[in-house]
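Structural description and commentary
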Amino acid sequence: MLIVANWKAYIDDLAKAKKLFSVSKRLARTTRCSIILAPPAPLLGTLARNNTSDVAFAAQDVSLSTGGARTGEITVGALAAAGATYAIIGHSERRAAGDTDAIIAKKLELSLAHGLIPILCIGERERDNEGRYLASVREQLTDALAPLSSKERTRIIIAYEPLWAIGKAASFAIMPNDLAEMALYIRKVLAELLSGKSSARSRVLYGGSVEPDNARALVAGSRVDGLLVGHASTDPRLFALVVKQLS
Ligand code: PGA
């Protein structure tokens with residue numbers, strides 16, 4: 001089971017970051033979960049220095065620029081040098097800040113070129129009765145993967161995060177049976193985009209209001225390979241409870 005902890009901008013304190021890292025190291029040692037932490041970039045650099053634990057690090061985003069006179073940009077190269085081995089790409093909060101499907105496709109390419117494994121976030125804004133939400137998920141997935149080679153497509157981890165379920169309490173998350181249906185649909189679209197049987201190896205995660213109360217049911221009731229946890233990953237006690245639900 002793969003758990004990605006998206007700290008967003010919740011954590012800006014080194015002591016808290018270190019505490020979460022040490023809890024995560026213990027959980028990675030004592031449970032069957034693989035843990036990837038996505039701290040704000042400067043904290044990632046500090047925590048990942050000389051990291052020999054089982055915990056891996058993800059950038060929360062990458063810059064489109066590859067270097068040069070681009071004040072304030074954090075390039076994929078700099079993130080890889082800081083210790084990131086994964087990159088969250090296309091999170092809805094980055095899409096809201098201007099990331100289009102074309103920009104996301106470019107960021108996927110850049111991440112892969114620097115050896116970072118992308119965690120591509122997709123998800124509909126709202127649910128409707130006509131199935132338009134399925135079309136929007138298909139479009140996001142297709143637009144992001146189409147420019148990549150078939151080998152590159154196999155390296156992407158998909159995180160399904162419906163916008164309507166992000167940043168709330170467990171009771172607002174998706175229902176396990178609806179998640180099971182969507183996970184199946186995403187795998188069907190992946191099977192169209194990936195060659196041969198390689199989509200069977202693609203990992204599909206769920207994110208959106210995951211808390212200790214719903215983590216187990218969400219995973220047990222669907223075929224997702226793990227969870228992307230936002231607010232509940234920034235409290236050591238809650239995060240440990242989420243991870244233990246899956247062990
Ligand atoms: P949440 O965030 O768990 O706070 O809903 C998830 C995400 O946006 O990645």
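Before reading on, note that the structure itself is shown above.
Residue positions are given per chain, counting from 1 as you read along its sequence in written order. Given that this is a predicted model, residues contribute local features only at a pLDDT of at least 70 and side-chain atom pairs are listed and counted only at 80 or more, while totals for whole chains, interfaces and linings are drawn from all residues. Neither water nor hydrogens contribute to the side-chain values; these are computed over all heavy atoms in the structure.

Describing the environment of alanine 113
Applicable threshold: Counting from the N terminus, the helices are DSSP H or I runs at least four residues long and the strands are E runs at least two residues long.
Examined against the element boundaries, alanine 113 turns out to sit in helix 5 (residues 101-113). Taking the C-alpha atoms as reference points, alanine 113 and leucine 79, separated by 34 residues in sequence, lie 13 Å from one another.

Observations concerning the pairing of strand 2 (residues 34-38)
Rules: When accessible area is computed with a 1.4 Å probe and restricted to protein chains, residues below 20% of their type maximum are described as buried, those above 50% as exposed, and intermediate ones as partly exposed. Any two strands with at least two DSSP bridges between them are considered paired. Assignment of crossover handedness uses the view with strands pointing away from the viewer, where a clockwise path from the first strand over the helix to the second indicates a right-handed crossover.
For strand 2, the buried fraction is high: 4 of the 5 residues fall into the buried class. Of the pairings in the sheet, the one linking strand 1 (residues 2-6) to strand 2 comprises 5 bridges and is parallel in character. Across the sheet, the residue bridging to asparagine 6 is alanine 38, located in strand 2. For the crossover from strand 1 across helix 1 (residues 14-30) to strand 2, the handedness is right-handed. As paired elements, strand 2 and strand 3 (residues 56-59) share 2 bridges and run parallel to each other. Residue pairing across strands places leucine 37 opposite phenylalanine 57, the latter belonging to strand 3. Chirality of the crossover, the property in question, places the unit of strand 2, helix 2 (residues 41-48) and strand 3 among those that are right-handed.

Quick notes on the sheet that holds strand 8 (residues 226-229)
Stated formally: Angular values range over 0 to 180 degrees, each being the angle between N-to-C directions of two axes fitted as lines to C-alpha atoms, with helices fitted over their stretch in contact. Contacts are assigned to residue pairs that have any heavy atoms within 4.5 Å of one another.
Spatial strand order, 1-2-3-4-5-6-7-8: 8 strands in a closed barrel with parallel pairing. Across the sheet, the mean angle from the axis of one strand to that of its neighbour is 25°, orientation sign disregarded. Direction of pairing for strand 7 (residues 204-207) relative to strand 8: parallel, over a ladder of 3 bridges. Of the residues in strand 8, the one forming a bridge with leucine 205 is glycine 226. Most of the contacts of helix 10 (residues 236-245) go to strand 1, to which it runs at about 160°, and overall it touches strand 1, strand 2 and strand 8.

Some thoughts on the side chain of glutamine 140
Take glutamine 140: it is sitting in helix 6 (residues 132-145). Discounting residues that sit within four places of it in the chain, glutamine 140 has contacts with Arg95, Asp101, Ile122 and Gly123.

So, the nonpolar core
Here is the rule: Buried Ala, Val, Leu, Ile, Met, Phe, Trp, Tyr and Cys residues form a nonpolar core when they are joined through side-chain atoms within 4.5 Å.
Grouped together as the largest cluster of nonpolar side chains are 69 residues, with contacts concentrated most on Leu120, Leu141, Leu145, Ile158, Ile186 and Tyr206. Broken down by element, the residue count for this core peaks at 8 residues, all from helix 8 (residues 176-193). Beyond its immediate chain neighbours, meaning those up to four positions away, leucine 120 contacts Ile89, Arg95, Ile104, Leu108, Leu141, Ala144, Leu145, Ile156, Ile157, Ile158 and Ala159. Counting residues in each nonpolar core, the second largest holds 15 residues, with Leu2, Ile88, Cys121 and Leu228 among its members.

A few points about the site of the ligand
Which entries qualify depends on this criterion: The rule for a residue being near a molecule or strand is that one of its heavy atoms must lie within 4 Å of it. We call two N or O atoms a polar contact when they sit within 3.5 Å, provided that within protein one can donate a hydrogen and the other can accept it, with sequence-adjacent residues counted only if both atoms are side-chain atoms. In this description, accessible areas are obtained by the Shrake-Rupley approach with a 1.4 Å probe, and a residue is regarded as covered only by the protein chains that are shown. Side-chain classes follow a simple rule in which Ala, Val, Leu, Ile, Met, Phe, Trp, Tyr, Cys and Pro form the nonpolar group, Asp, Glu, Lys and Arg form the charged group, and the remainder, Gly included, forms the polar group.
Lining the immediate surroundings of the ligand are Asn6, Lys8, His91, Glu161, Ile166, Gly167, Gly208, Ser209, Leu228, Gly230 and His231. A distance of 3.5 Å separates an oxygen atom of the ligand from a polar atom in the side chain of asparagine 6. At a separation of 2.7 Å, an oxygen atom of the ligand approaches a polar backbone atom of serine 209. Alone, the ligand offers 280 Å² of accessible surface; in the complex the protein occludes 100% of this. For the shell around the ligand, a count of residues per class yields 2 nonpolar, 7 polar and 2 charged.

Considerations on the layout of surface pockets
Our working rule: Buriedness of a pocket was judged along seven lines, with at least five required to meet protein on both sides within 12 Å; pockets are open sets of points on a 1 Å grid over the protein atoms alone, cavities are sets where a 1.4 Å probe fits but cannot get out, and lining residues have an atom within 4 Å of a point. Grid points are joined across faces, edges and corners, and a volume is the space filled by probe spheres set on the points.
What the largest pocket holds in volume is close to 410 Å³. What lines the largest pocket is a set of 20 residues, among which Ala59, Gln60, Asp61, Val62 and Arg94 lie closest to the centre. The set of elements that each furnish at least two residues to the lining of the largest pocket consists of helix 2 and helix 4 (92-96). Each residue belonging to the lining of the largest pocket can be placed in one class, and the counts come to 10 nonpolar, 4 polar and 6 charged. Along the wall of the second largest pocket there are 16 residues; nearest its centre are Gly123, Glu124, Arg125, Ser136 and Gln140. If you list the elements that add at least two residues to the lining of the second largest pocket, you get helix 4 and helix 6. When residues in the lining of the second largest pocket are grouped by element, the largest group, 5 residues, is from helix 6. A per-class count over the lining of the second largest pocket returns 3 nonpolar, 4 polar and 9 charged.

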